[in-house]
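Residue strings, one per chain:
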Amino acid sequence: MIRQFVPQEVCLSCRGCCRFSAVDSVWVPCLLEEDIQELLDRDIPPALLSLNKKIRPVPNPQQEGFICAFFDIETNKCKIYDFRPFECQLYPFLINLRNNKVLLTVDLNCPYAKDKLNTPEFKQYSDYLIAYLNTPRQLRMLKDNPQVIQAYEEVSEIIEFKLDNEDA
Ligand code: SF4
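Reading the values: rules and limits
- Residues numbered from 1 in each chain as written.
- Predicted model: local features only at pLDDT ≥ 70, side-chain atom pairs only at ≥ 80, totals over all residues.
- Helix = DSSP H or I, 4+ residues; strand = E, 2+ residues; numbered from the N terminus.
- Rg over C-alpha atoms; globule rule 2.2 N^0.38 Å.
- Buried ≥ 20, exposed ≤ 12 C-beta atoms within 10 Å, placed from the backbone.
- Contact = placed C-beta atoms within 7 Å.
- Pairing = 2+ DSSP bridges.
- Axes fitted to C-alpha atoms, helices over the stretch in contact; angles between N-to-C directions.
- Near = placed C-beta within 6 Å.
- Nonpolar A, V, L, I, M, F, W, Y, C, P; charged D, E, K, R; others polar.
- pLDDT = per-residue confidence, 0-100.
- Domains from an automatic or database assignment.

A few words now on the overall build of the protein chain. Scanning the protein chain from N- to C-terminus turns up six helices and eight strands. What you see for the protein chain is a C-alpha radius of gyration of 16 Å, in line with the 15 Å of a compact globule of 168 residues. Expressed as lengths along the three principal axes of its C-alpha atoms, the size of the protein chain is roughly 45 × 35 × 30 Å. When the 168 residues of the protein chain are sorted by exposure, 21% land in the buried category. Taking the contacts inside the protein chain whose residues are at least 6 apart along the sequence as the reference set, 65% of them involve residues at least 24 apart.

The strands making up a sheet associate through backbone hydrogen bonding, with each pair oriented either parallel or antiparallel. Reading across the sheet, the three strands line up as β1-β3-β2 and stay open at both edges, with antiparallel pairing between neighbours. Of all strands in the sheet, those bounded by a partner on one side alone are β1 (19–20) and β2 (58–59). Bridge analysis of β2 against strand β3 (residues 66–67) gives two bridges, and the strand direction is antiparallel. Bridging from a neighbouring strand, Pro59 pairs with Phe66 of β3.

Here three strands make up an open sheet; going across it, the order is β6-β7-β8 and the pairing antiparallel. With partners counted over all chains shown, the strands left at the sheet margins are β6 (93–98) and β8 (155–161), one partner each. Each strand of the sheet is rotated relative to its neighbour by a mean of 40°, with strand direction disregarded. Here six bridges tie strand β7 (residues 101–107) to β8, and the two strands are oriented antiparallel to one another. Looking at the pairing, Thr105 lines up with Glu157 of β8.

Here we come to the pairing of β7. The pairing of β6 with β7 spans six bridges and is antiparallel. The residue of β7 that forms the bridge with Asn96 is Leu103. Linkage of β6 to β7, two consecutive antiparallel strands, is achieved through a turn of two residues, within which Asn99 is found at a positive phi near 50°.

The immediate surroundings of the ligand are formed by Cys17, Cys18, Pro29, Ile55, Cys68, Phe70, Phe71, Cys78, Ile80, Arg84, Pro85 and Cys88. Looking at side-chain class alone, the shell around the ligand contains eleven nonpolar, no polar and one charged residues.

Turning our eyes to something else, we now look at the confidence of the model for the protein chain. On average, residues of the protein chain carry a pLDDT of 93, and 98% of them reach 70 or more. Across the protein chain, the secondary-structure element scoring lowest on mean pLDDT is β8, at 92, and the one scoring highest is helix α3 (residues 86–90), at 97.

What follows deals with the domain arrangement of the protein chain. Taken domain by domain, the protein chain comprises domain 1 (8–88) and domain 2 (92–165). Residue-level contacts link ten residues of domain 1 with eleven residues of domain 2. Here the side of domain 1 that touches domain 2 is built from residues that sort into six nonpolar, one polar and three charged.

This next bit is on unusual backbone geometry. Looking along the chain, the bond that leaves Tyr91 and enters Pro92 is cis, with omega of 15°. Structurally, Pro92 is set in the loop between α3 and β6. Notably, Cys18 is not glycine yet its phi reads approximately 70°, a positive angle. Structurally, Cys18 can be placed in the loop between α1 (8–12) and β1. Phi at Glu154 is positive, roughly 55°, even though this residue is not glycine. Secondary-structure assignment places Glu154 in the loop between α6 (136–144) and β8. By the C-beta count within 10 Å, which is 9 here, Glu154 ends up exposed.

What follows is the structure, given as structure tokens:
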């Protein structure tokens, strides 16, 4: 599991994540091959996963739009938190494709991350995440799962990954 940057109590009091304006939103979490296997091993119905290796959103029962199929909108909690997918563990950090570069970025739509940008706390966590991801094993994982490398907007760049450096 990736260590969390945003404190849990902050996440639980926010109404941003796990909700999507459209079924095909770029923000719908993409799944690694190992995420898919883990979910299937835990008897998650395959119908909740889409063919393009994403979670399949369901209509939001409270308002327009969609929510993650694993999101409990009453409690504002993830029902599969202990084995949530890689992208959900990583958030508000993202693997971004921009100008043919693979970047680690942070989503400026996350109020906590935006507020902490340029603080020692942010730098310390970024260093941890870079060290975690910038290893041959993790770079190979990214290369094998191009679906998690997406063109997100409204992000701040942190570092470029050189996927060809991985020791495959
Ligand atoms: S799997 Fe959990 S953390 Fe990820 S989008 Fe769904 S409810 Fe949110």
